[in-house]
Amino acid sequence: MTQPTDPSSSRNTRYRFCNGKPVDPNEGLHPEMADDALAASLPSGIPASPQQLIDMQSHAQRPEKPERTQSLKVKEVLDRIEKLDTTADEDRQIALVLLRHLEAFHDGVVEEMEGDDTARHSQIVAWAVDADRLMRARMLLESVDLD
C-alpha cells in the first residue's frame, strides 16, 4: 500500500470518519472533537477546567454526618469512667484495655469471615481496616509518655 507524498493532491483519500461523517485530519481537529453533537451530549455539570472544579467544590454543600446515638452499654461505661478518681496513667491503661479488646474482636471477625465462603469481600476489608485503625490507635496510646 503506497501513500502519496503530497497531501493536497490526495485530499480525498485521507479522510477519516466519525459517526458516519467524513472528517478531514488536515484541519487539525481530532476526529472525536469534530462532531459538535458529541460535545453537546456531555453533561453540563462537568467542569471544563481545574479552576471550575475548585469553584464547584468551594460552593458545594457537604451533608452533615448524622449524630450517632450511643448504646446504653457504651453510655454506662463512659459514665463510670467519668466518675472514676484516676491518674492520667490509669486512664491510659483503661483506654489501652478497651482498645486491645476492640482490636481482638475485630481481628476475630476478620478471621471468621475469611473462612466463610458466603462473606462479602467488602465487609472483610471494612473490618480489617477498622482493626488496623484500632491497632494504630493502640500503638499511639502506648507511645505516650505521661511522665
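Residues numbered from 1 in each chain as written. Predicted model: local features only at pLDDT ≥ 70, side-chain atom pairs only at ≥ 80, totals over all residues. Heavy atoms only, no water.

Quick look at the side chain of Arg92 now. The topology assignment puts Arg92 in helix α5 (residues 88–114). For Arg92, the contacting residues outside a window of four places in its chain are Leu141, Glu142, Val144 and Leu146. (Helix = DSSP H or I, 4+ residues; strand = E, 2+ residues; numbered from the N terminus. Contact = heavy atoms within 4.5 Å.)

Residues Asp107, Glu111, Glu112, Glu114, Asp116 and Asp117 make up a contiguous surface patch of negative charge. The class of Asp117 is exposed, set by a relative accessible area of 77%. (Patch = residues over 30% accessible without salt bridge, like charges linked within 9 Å, V, L, I, M, F, W, Y side chains within 5 Å. Areas by Shrake-Rupley, 256 points an atom, 1.4 Å probe, with all protein chains shown as cover. Salt bridge = Lys/Arg side-chain N within 4 Å of Asp/Glu carboxyl O. Lys, Arg positive; Asp, Glu negative; His and termini not counted. Charge placed at Lys NZ, Arg CZ, Asp CG, Glu CD. Buried < 20%, exposed > 50% of the residue type's maximum accessible area, 1.4 Å probe, protein only.)

Here we take up the packing of aromatic side chains. Scanning all chains against the criterion turns up one aromatic pair. With a centroid separation of 5.9 Å and an interplanar angle of 65 degrees, the aromatic rings of Phe105 and Trp127 are classed as edge-to-face. Separated by 22 residues along the polypeptide, Phe105 in helix α5 and Trp127 in helix α6 (residues 121–143) bring together distant segments of the chain. Residue class for Phe105 comes out partly exposed when judged on its relative accessible area of 47%. (Phe/Tyr/Trp six-rings, centres within 6.5 Å; stacked < 30°, edge-to-face > 60°.)

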